[in-house]
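Chain by chain, the residues run as shown.
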Amino acid sequence: MSRRKTRPRTSPAAAAPAVTATSPCPCGLDAAYGACCGRFHSGTGGTAPTAELLMRSRYSAFVVRDEAYLLRTWAPETRPGEVDFDPGTRWAGLEIEGTTEGTAFHRHGTVTFTARYVHGGEAGSLHERSRFARHEGAWVYVDGDFPD
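Note that this is a predicted model, so its numbers are computed, not measured. (Residues numbered from 1 in each chain as written. Predicted model: local features only at pLDDT ≥ 70, side-chain atom pairs only at ≥ 80, totals over all residues. Heavy atoms only, no water.)

Now for the packing of aromatic side chains. Following the criterion strictly, the structure yields 6 aromatic pairs and no others. The interplanar angle of 70° and the centroid separation of 5.8 Å between the aromatic rings of Phe132 and Tyr141 together place this pair among those described as edge-to-face. Each member of the pair, Phe132 as well as Tyr141, is classed as buried. Taken together, the aromatic side chains of Tyr59, Phe62, Phe85, Trp91 and Tyr117 make up a single cluster linked through ring pairs. Positioned above the aromatic ring of Trp74 is the side chain of Arg58, whose terminal nitrogen or guanidinium carbon lies 4.7 Å from the ring centre. (Phe/Tyr/Trp six-rings, centres within 6.5 Å; stacked < 30°, edge-to-face > 60°. Buried < 20%, exposed > 50% of the residue type's maximum accessible area, 1.4 Å probe, protein only. Lys NZ or Arg CZ within 6 Å of the ring centre and 35° of its normal.)

General note: in soluble globular proteins, nonpolar side chains tend to be found buried as a group. Of all hydrophobic cores here, the largest spans 31 residues; its most connected members are Met55, Tyr59, Val83, Phe113 and Phe132. With 8 residues, helix α2 (residues 51–64) is the largest single contributor of residues to this core. (Core = buried A, V, L, I, M, F, W, Y, C linked by side-chain atoms within 4.5 Å. Helix = DSSP H or I, 4+ residues; strand = E, 2+ residues; numbered from the N terminus.)

It is worth spelling out the environment of Thr47 at this point. Along the chain, Thr47 turns up in the loop between α1 (37–42) and α2. Each C-alpha atom of the pair Thr47 and Trp139 lies 7.6 Å from the other, and the pair is 92 residues apart in sequence.

For the structure shown, the criterion picks out 4 salt bridges. The salt bridge involving Glu52 is made with Arg56; its shortest N-O contact spans 3.0 Å. Taken together, the residues Glu52 and Arg56, both in helix α2 and 4 residues apart, mark about one turn of the helix. Exposure remark for Arg56: the relative accessible area of 10% places this residue in the buried category. Connected via shared salt-bridge partners are Arg129, Arg131, Asp143 and Asp145. (Salt bridge = Lys/Arg side-chain N within 4 Å of Asp/Glu carboxyl O.)

Here we come to the sheet that holds strand β2 (residues 108–119). Spatially, 4 strands are ordered β1-β2-β3-β4 in an open sheet, and the strand pairing comes out antiparallel. Each edge of the open sheet carries a strand with a single partner, namely β1 (89–101) and β4 (138–145). Averaged over neighbouring strand pairs, the angle between their axes works out to 30° when direction is ignored. Both strand β3 (residues 122–135) and β4 contribute to a ladder of 7 bridges, which runs antiparallel. Bridge pairing in β4 links Arg129 to Asp145. α2 contacts β1, β2, β3 and β4 of the sheet and is inclined by roughly 170° relative to β1. (Pairing = 2+ DSSP bridges. Axes fitted to C-alpha atoms, helices over the stretch in contact; angles between N-to-C directions. Contact = heavy atoms within 4.5 Å.)

Structure representation (structure tokens):
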């Protein structure tokens, strides 16, 4: 998941939302965070086996502000030096709209999604078609475009 550069900025930096291992996973799957995306974030669950699961885990990493995971799962050729989290943004839900390829049998895949957020008390959404590729055997985020 990338972000548009035109969103408003706020300060000072706020703490990441409290998500525990037993909290519902922010990605929207019917599982606790620790058994779902949290296992990928911590490294105890290996790497996401599909592009869709990587997309979900990256969304959850934005929710909990896990910069290390986001950078680790970003393709080297498009990876930024750091992730600029907006402390005024609260991610509020993820809807996967479609996928192409992106399974254990593929080298590339796409995931189209809408991520909802609240910024400054106003609801908004980010609609993106993300591209993923295999890098050294693991799925990584390459880039995305905004179909709207």
